[in-house]
Amino acid sequence: MRDAVADAAIAGGLPVASLIAGNKSPADVTRDVCRALDAKPSGLWWLGLGLSGSALLLGVVAVSYQMATGIGTWGLNSTVGWAFDITNFVFWIGIGHAGTLISAILFLLRQRWRTSVNRAAEAMTLFAVMCAGLFPLIHMGRPWLAFWMLPYPNTRGSLWINFRSPLIWDFFAISTYFTISAVFWYIGLLPDLATIRDRMRASHETDRNARGTDAHDNTTYDNTAYDNTAYVVSGFSRTRMRIFDWLSLGWNGSYRTWHRYEVVYLLLAALATPLVLSVHSIVSMDFATALVPGWHTTIFPPYFVAGAIFSGMAMVLTLMLVARKTMRIEDYITARHVDAMCRLVILTSGIVGLAYATELFTAFYSGNQYEQSAFVNRVVGPLAWGYWVMVGCNVLVPQLFWFAGVRRSFLMVFIISLFINVGMWFERFIIIVSSLERGFLPSSWASYSPTSIEIATLIGSFGLFFTCFLLFCRFVPVIAMAEIKAVLGKAR
Amino acid sequence: MSRRVIIGVFEREEDLLHATAAARDEGLDIVDVFSPYVVHGLDRAMGLRPSRLPWVCFLLGLLGATGILLFQFWTTSVGWPINVGGKPWNSLPAFIPATFEMMVLLGGVGTVVAFIWSAGLRPWHNRSRPALADLGVTDDRFALAIGETGVAFDHARVRALLSRFRPASIEDRAEEEVA
């Protein structure tokens, strides 16, 4: 019902007051957001954790087996030397990009609606980059030697890393991206950690006082079982309080700190904006700097960045629509937020569609027979079904978002977002495998199909992602309270 | 002897803003202001100078970029030059990605470390500094702390000044509890 308020706002001039439904006060925000942290997790949460934990376990088993046996357990051959693994890597890195778009780029563009989703979207970025980073590590075959990518003085010469290699650029880009995202997220979290700490301290004191009176009042309470449970609960909450004590760094709401905090937040946003563009540009150069037909094009960096934000926005929609229902934050993530994200999806879908068309045209116009045959193979070759899944999910289905009715139906938005997730995974798979399987020499053409180990590893990465996200929903405020309160202030 | 502070607690950010501006006009010593979120315009009301953190960010970013750029030149053309596909020793365009990333990494992380250090945020301060948590400044209240400084300080007049801005309460505390 409250969504009707936001619906009216979409039709009207989008006043700031409509950002949060239900005319909240700052104290309401604290209460609503912390409720999820105080309450016992729901059955649905446990079910989700069980499923994602099992998927993660499956992935751990698959990767352990692969490490013990070797990457011969994968379906790769000497023609298709890159397939599932790098597809998953590019897919997950792309997912992460929407989080930084929301936290940094929309911050610089002063889009106030971002405050409801930025915390969760940034968490999504962190977990997606974690999943992405695992794949190159696994692909090394000997992940314990991963530190060889660092340029450190060594006993082999010193033999330095090859700074001209896009794979080394990738190493620098991904590690910087993860570090900056983590730091940005933590800085944004600081004031909220202090809020939780102070809430816990207050309720702890109330608890202690209450127990104190019980102890004196022997006549009414002489129940040891009650005392024991109270002790266990307070023991757990004391540990939790100590953790929040440390993590909040003694934040006390001082404006001298806030004053610096704002500057730091702005600087990090200004640094993260070009960073996020650089990361997927560099990922695209893993392909574009090779001579393989279908990879060797200058359109790759903008094409990959747009695709990344597109897929990430879809994943944000998927997660947010689930979170708003299960975490009871419907008042904070309203029809207006979903509408804004759908608009971003349709914009980036358009860019991605344009890139598909440009690729085909460039291949045709180049007059280069290798380039032309690579694209003919992509559209009608053995993996044509994958190509059309990609076009259908990424270009055709999102066109439904032009209809306001579709953008307002959360079920429709959810289903479309799932289609886009699938489509964007296929985009990477098609770019990588269809280009490799038909190279310059027809005698070395081959086909590729994934093994059970590769599929289990992909499922495992989803397990890791959702396990982390569910734990995040349980232990960290999903909504940036301090930022929401600042936006409320404008409305009242 | 420890100094005392008078704290006005407010429920609305406009009241806090006006009270802070009025206290500054009166020439009172504003020890600090506490709020659950960033109140825009409060830095002007308090008369805070712009932060120097952008300089830290700029210099560390510059250091990161030049450091890694020189390092790349040194490793590829001096330390152990290796011919990779006939590419020149000085492959400047290929050195740009790592240079950019190190600029962002050092600039970003360095700024955050400088922020934590300069703002005096220390995890172990929690126990010795209970802050003004009991007043709800990390929840929904705003507090203006004025120090009792100088012979001209008139306790009653400051209380009267704060009362003009609809405070929820006015309290006296020792300065250690605040700063």
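Residues numbered from 1 in each chain as written. Chains lettered and ligands numbered in written order. Predicted model: local features only at pLDDT ≥ 70, side-chain atom pairs only at ≥ 80, totals over all residues.

What follows is about the overall build of chain A. Looking only at helices and strands, chain A has 16 helices and 0 strands in total. The burial tally for chain A puts 47% of its 492 residues in the buried class. (Helix = DSSP H or I, 4+ residues; strand = E, 2+ residues; numbered from the N terminus. Buried ≥ 20, exposed ≤ 12 C-beta atoms within 10 Å, placed from the backbone.)

As a further point, take the overall build of chain B. Helices and strands together make up the secondary structure of chain B, namely 6 helices and 4 strands. Listing the helices and strands of chain B from first to last along the sequence gives β-α-β-α-α-α-α-β-α-β. In chain B, buried positions account for 41% of the 179 residues. For chain B, the share of sequence-separated contacts (at least 6 apart) that also reach a separation of at least 24 residues comes to 81%. (Contact = placed C-beta atoms within 7 Å.)

Because each turn of an α-helix spans 3.6 residues, side chains separated by three or four positions end up pointing in the same direction. For helix H1 (residues 13-25) of chain B, built from 13 residues, the straight-helix expectation of 18 Å at 1.5 Å per residue is met to within 8% by its first-to-last C-alpha distance of 18 Å. Every buried residue of H1 of chain B is listed here: Glu13, Leu16, Leu17, Ala19, Thr20 and Ala23 of chain B. (Expected span 1.5 Å × (residues − 1).)

Core analysis: the biggest nonpolar cluster contains 188 residues, and Met124, Met313 and Val316 of chain A together with Ala143 of chain B have the highest contact counts within it. Top element by residues in this core is helix H9 (residues 300-326) of chain A. It accounts for 16 residues. Here this core spans two domains, and each of domain 1 (4-48 + 128-177) and domain 2 (53-118) of chain B adds at least three residues to it. (Core = buried A, V, L, I, M, F, W, Y, C linked by C-beta atoms within 7 Å. Domains from an automatic or database assignment.)

Residues and elements named next belong to chain B. Pairing in this open sheet of 4 strands is antiparallel, and the strands run S2-S3-S1-S4 from one edge to the other. Two strands lie at the open edges of the sheet, namely strand S2 (29-34) and strand S4 (169-174), each paired on one side alone. Neighbouring strand axes in the sheet, compared pairwise and without regard to direction, differ in orientation by 25° on average. (Pairing = 2+ DSSP bridges. Axes fitted to C-alpha atoms, helices over the stretch in contact; angles between N-to-C directions.)

Another point: the interface of chain A and chain B. With 51 residues of chain A at the interface, the matching set in chain B holds 54 residues. Counting residues per element, the ones that place at least two in the side of chain A that touches chain B are helix H2 (26-38), helix H6 (166-216), helix H7 (224-247), helix H8 (255-288) and helix H16 (481-491) of chain A. Looking at the side of chain A that touches chain B element by element, the count peaks at 15 residues for H8 of chain A. For the side of chain A that touches chain B, the class distribution of residues is 27 nonpolar, 16 polar and 8 charged. (Nonpolar A, V, L, I, M, F, W, Y, C, P; charged D, E, K, R; others polar.)

All names here are of chain B. Along strand S1 (residues 4-10), 6 of the 7 residues are buried, which leaves the element largely enclosed by surrounding structure. Pairing analysis gives 6 bridges linking S1 to S4, with the strands arranged antiparallel. Looking at the pairing, Ile7 lines up with Glu171 of S4. The pairing of S1 with strand S3 (residues 142-147) spans 6 bridges and is antiparallel. From the neighbouring strand, Ile6 faces S3, where its bridge partner is Ile146.

Time to look at the environment of Val33 of chain B. Here Val33 of chain B lies in strand S2. With 24 residues separating them along the chain, Val33 of chain B and Val9 of chain B place their C-alpha atoms 9.9 Å apart. When neighbours within four sequence positions are excluded, Val33 of chain B is seen to be in contact with Tyr255 of chain A together with Leu16, Thr20, Leu42, Met46, Ala143 and Leu144 of chain B.

To continue, consider H2 of chain A. Look at H2 of chain A: 18 Å from first C-alpha to last across 13 residues, which is about the 18 Å you get at 1.5 Å a residue. Here H2 of chain A has its buried residues at Pro26, Val29, Thr30, Asp32, Val33 and Ala36 of chain A.

A few words on the confidence of the model for chain A. For chain A, per-residue confidence averages 85 on the pLDDT scale, and residues scoring 70 or more make up 89% of the total. Counting interchain partners and residues more than four positions distant, the pLDDT-below-50 stretch residues 1-17 of chain A has 27 contacts. (pLDDT = per-residue confidence, 0-100.)

What follows concerns the environment of Asn377 of chain A. Residue and element names in this part refer to chain A. For Asn377, the position within the fold is in helix H11 (residues 369-380). Looking at Asn377, the number of C-beta atoms within 10 Å reads 20, which means it is buried. The sequence separation of Asn377 and Arg438 amounts to 61 residues, and the corresponding C-alpha distance is 7.8 Å. Excluding residues within four positions of it along the chain, Asn377 makes contact with Ser434 and Arg438.

A separate point is the packing of helix H12 (residues 384-396) of chain A against helix H14 (residues 410-437) of chain A. Think of two packed helices as two axes; the pair is described by the angle between the axes and how far apart they sit. Residues and elements named next belong to chain A. For the pair H12 and H14, interaxial distance at closest approach is 8 Å and the crossing angle is 140°. On the basis of their axis angle, the class for H12 and H14 is oblique. H12 and H14 meet at a crossing whose hand is left-handed. Between H12 and H14, the contacting residues are Gly386, Tyr387, Val389, Met390, Cys393 and Asn394 on the first element and Phe419, Ile420, Val422, Gly423, Met424, Phe426, Glu427, Phe429 and Ile430 on the second. (Parallel < 35°, antiparallel > 145°, perpendicular 65-115°, else oblique. Left-handed = near helix turned anticlockwise from the far one by under 90°.)

Once that is clear, we can look at the packing of H9 of chain A against H14 of chain A. All names here are of chain A. Axis separation between H9 and H14 bottoms out at 8 Å; the angle between their running directions is 140°. Between H9 and H14, the crossing angle belongs to the class labelled oblique. The hand of the H9/H14 crossing is left-handed. When H9 is examined against H14, the residues Gly307, Phe310, Ser311, Ala314, Met315, Leu317, Thr318 and Leu321 are found in contact with a partner set consisting of Phe410, Val413, Phe414, Ser417, Leu418, Ile420, Asn421, Met424 and Glu427. Residue classes in the contact of H9 with H14 are distributed as 11 nonpolar, 5 polar and 1 charged.

With that out of the way, let us pick up the environment of Ile30 of chain B. Residue and element names in this part refer to chain B. Looking at where Ile30 falls in the secondary structure, it is placed in strand S2. Residue class for Ile30 comes out partly exposed when judged on the 19 C-beta atoms lying within 10 Å of it. Through-space distance from the C-alpha of Ile30 to that of Thr20 is 7.9 Å; in sequence the pair is 10 residues apart. Excluding residues that lie within four positions of it along the chain, Ile30 makes contacts with Thr20, Ala23, Arg24, Met46 and Ile146.

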